[in-house]
Amino acid sequence: GQNIDQPTEMTATEGAIVQINCTYQTSGFNGLFWYQQHAGEAPTFLSYNVLDGLEEKGRFSSFLSRSKGYSYLLLKELQMKDSASYLCAVRDHGVDSNYQLIWGAGTKLIIKP
Amino acid sequence: KAGVTQTPRYLIKTRGQQVTLSCSPISGHRSVSWYQQTPGQGLQFLFEYFSETQRNKGNFPGRFSGRQFSNSRSEMNVSTLELGDSALYLCASSLEEGVETQYFGPGTRLLVL
């Protein structure tokens, strides 16, 4: 079946580093997205990985290992505004040749001063 | 470029009624996807439209339907509302089908009493 797992909630300190993990099981993996969603707002795109390795974008980096079905989002120099939910989504190529996004339930990140 | 717009932003209905939600994608985007988001459930995929055709459908009952117009605007309809339909309904647009990076609207918050 198709499944995506993320921790429900994490807490970190302002200025520190936090790693949010995402593991997935899909039949036709074709890329992984990370989105950020502040409370009461719509999700916004953070990163996209389709090949193994690390993609760095400022304070945020995303890593993918396709053989392990594993990704992480790394946030450095945490700021209070980083308090949000982080959603992992996998693009899956289904048996009917259509793509669809399968979403994890999200990780709520709480930043403390 | 204007972002994805959704109307109305808030809606209160009673059980048994029906509701129509509207989404206008980013100019030039031809794919529109709809999601239901409830606390603890994450994003649940409803359907995706491209070129006025439904390309993908999630596991929702037939009470949930949608359509897309020639200008890529999309509507979603829910008939015979149930209490459990209370949720945030998000629309996301992307350039092409096949789930490229999606850009979300602010959502319509539906409360069913």
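Residues numbered from 1 in each chain as written. Chains lettered and ligands numbered in written order. Predicted model: local features only at pLDDT ≥ 70, side-chain atom pairs only at ≥ 80, totals over all residues. Heavy atoms only, no water.

As a further point, take the confidence of the model for chain A. When the pLDDT values of chain A are averaged, the result is 92; 95% of them are 70 or greater. Looking over chain A, one finds the lowest element-wise mean pLDDT in strand β10 (residues 99–103) of chain A, namely 82, and the highest in strand β8 (residues 70–75) of chain A, namely 98. (pLDDT = per-residue confidence, 0-100. Helix = DSSP H or I, 4+ residues; strand = E, 2+ residues; numbered from the N terminus.)

Next up on the list: the interface of chain A and chain B. Counting residues at the interface gives 14 residues for chain A and 18 residues for chain B. At the boundary of chain A and chain B, one finds three residue pairs in polar contact (both at pLDDT 80 or more). Listing elements by their share of the side of chain A that touches chain B, those giving two or more residues are β4 (29–37), β9 (84–93) and β10 of chain A. For the side of chain A that touches chain B, the element with the most residues is β10 of chain A, which contributes four residues. Residue composition of the side of chain A that touches chain B, grouped by class: ten nonpolar, three polar and one charged. (Contact = heavy atoms within 4.5 Å. Polar contact = N/O pair within 3.5 Å; in protein donor to acceptor, adjacent residues only side chain to side chain. Nonpolar A, V, L, I, M, F, W, Y, C, P; charged D, E, K, R; others polar.)

As a further point, take the environment of Arg73 of chain B. Residue and element names in this part refer to chain B. Relative to the helices and strands, Arg73 resides in the loop between β7 (64–68) and β8 (74–78). Residue classification places Arg73 among the partly exposed residues on the basis of a relative accessible area of 24%. A sequence separation of 31 residues divides Arg73 from Gly42, and the C-alpha atoms of the two residues are 25 Å apart. If sequence neighbours within four positions are ignored, Arg73 has contacts with Ser22, Cys23, Ser24, Pro25, Arg67 and Gln68. (Buried < 20%, exposed > 50% of the residue type's maximum accessible area, 1.4 Å probe, protein only.)

Residue-level pLDDT values for chain B average 92, and 96% of them are 70 or greater. The secondary structure element of chain B with the lowest average pLDDT is strand β6 (residues 53–57) of chain B, at 88, and the one with the highest is strand β3 (residues 19–24) of chain B, at 98.

Further remarks concern the pattern of salt bridges. All names here are of chain A. Tallied over the entire structure, the rule returns seven salt bridges over all chains. Glu56 is paired through a salt bridge with Lys76; the nearest N and O atoms lie 3.7 Å apart. With Glu56 in strand β6 (residues 53–57) and Lys76 in the loop between β8 and β9, the pair connects residues that are 20 residues apart, well separated along the chain. Judged by relative accessible area, which is 57%, Glu56 ranks as exposed. (Salt bridge = Lys/Arg side-chain N within 4 Å of Asp/Glu carboxyl O.)

This part covers the sheet that holds strand β1 (residues 3–5) of chain A. Residue and element names in this part refer to chain A. Spatial strand order, β1-β3-β8-β7-β6: five strands in an open sheet with antiparallel pairing. Looking at the sheet topology across the chains shown, the edges are occupied by β1 and β6. Each adjacent strand pair in this sheet contributes to an overall mean axis angle of 15°, direction not counted. In terms of strand pairing, strand β7 (residues 60–65) meets β8 through six bridges, oriented antiparallel. Its bridge partner being in β8, Phe60 is matched across the sheet by Leu75. (Pairing = 2+ DSSP bridges. Axes fitted to C-alpha atoms, helices over the stretch in contact; angles between N-to-C directions.)

Considering all chains together, one arrives at two disulfides over all chains under this definition. Here Cys22 of chain A is linked by a disulfide to Cys88 of chain A, with a sulfur-sulfur distance of 2.0 Å. On the sign convention where negative means left-handed, the S-S torsion of about -65° between Cys22 of chain A and Cys88 of chain A marks this disulfide as left-handed. One end of the pair, Cys22 of chain A, is in strand β3 (residues 18–25); the other, Cys88 of chain A, is in strand β9, and 66 residues separate them in sequence. Relative accessible area serves as the criterion here: at 0%, Cys88 of chain A is assigned to the buried category. Put simply, Cys23 of chain B and Cys91 of chain B are joined by a disulfide, and their sulfur atoms are 1.7 Å apart. Measuring the twist about the S-S bond at about -45°, one finds the Cys23 of chain B-Cys91 of chain B disulfide to be left-handed. Of this pair, Cys23 of chain B sits in strand β3 while Cys91 of chain B sits in strand β9 (residues 87–94), and the two are 68 residues apart along the sequence. The same class applies to Cys23 of chain B as to Cys91 of chain B, namely buried. (Disulfide = S-S within 2.5 Å.)

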